[in-house]
Amino acid sequence: MMPAPHLKYLAGYPPHLVGQVGEVLARGELGGLLLEKYPRPHAVRNDGALYDFVGELKARYLRNAPPLAKVAWDGKLQNIQNALGTHTRVARVQGGKLRTKREIRIANLFRAAPEEFLRMIVAHELAHLKEPEHDKAFYQLCCRIEPAYHQLEFDVRVWLCLVETTGATLWAPPGANPTAG
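Presented here is an overview of the structure given in this document. (Residues numbered from 1 in each chain as written. Predicted model: local features only at pLDDT ≥ 70, side-chain atom pairs only at ≥ 80, totals over all residues. Heavy atoms only, no water.)

Observations concerning the packing of aromatic side chains
Working step 1: All chains considered together, the criterion is met by 8 aromatic pairs.
Working step 2: Judged by centre distance (5.6 Å) and plane angle (70°), the rings of Phe110 and Trp159 are edge-to-face. With Phe110 in the loop between strand S3 (97-107) and helix H4 (115-130) and Trp159 in helix H6 (residues 149-166), this residue pair connects regions lying 49 residues apart in the sequence. Residues Phe110 and Trp159 agree in their burial class; the two are buried.
Working step 3: A ring pair is formed by Phe117 and Trp159, whose centres lie 5.6 Å apart and whose planes are at 45°; its orientation type is tilted. Within this pair, whereas Phe117 is found in helix H4, its partner Trp159 is found in helix H6, the two being separated by 42 residues in sequence.
Working step 4: Residue Trp159 is classed as buried on the basis of its relative accessible area, which comes to 0%.
Working step 5: Counting every residue linked through ring pairs, the aromatic cluster contains Tyr38, Phe110, Phe117, Trp159 and Trp171. (Phe/Tyr/Trp six-rings, centres within 6.5 Å; stacked < 30°, edge-to-face > 60°. Helix = DSSP H or I, 4+ residues; strand = E, 2+ residues; numbered from the N terminus. Buried < 20%, exposed > 50% of the residue type's maximum accessible area, 1.4 Å probe, protein only.)

Some thoughts on H4
Working step 1: Spanning 16 residues, H4 covers 23 Å between terminal C-alpha atoms, matching the ideal 22 Å at 1.5 Å per step.
Working step 2: Taken together, the buried positions of H4 are Phe117, Leu118, Met120, Ile121, Val122, Ala123, His124, Glu125, Leu126, Ala127, His128 and Leu129. (Expected span 1.5 Å × (residues − 1).)

Here is the structure:
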């Protein structure tokens, strides 16, 4: 049985969990629960700060991984087909050699999200530097980078259900009006 359309991000999770999320969402309590668990947004505001944030995690957990040419927020990236971030390889011929540059882009939706959510998305995209497929080795690497990866992925999916249903973003970026969203 497929979950209700507003719970599509939870497809594949056990029906009892999807049902619980649906009930809390219907009662209007989901935003409050998420705010209680994750009270503040991260402070990563621009592409340079995002590059540093990603670089720090990469240096700590993937020292031997190929370098990143670019890390950026992406206003065009939508959460279509679960694309909340992307890892791309751009190959170019320079002289007689093939040069590959790697880029990570994170959906703008995460500009005003808790640091835990951003860390989970970054862990996912960094894991693709070593493991191209979503297999057991990939998820083991995600959990090495972010030990709470699976719980955070579930919480992000719950948040996406809330955003899609109500439009509430919950966390205002620092300096923004905290009552907005």
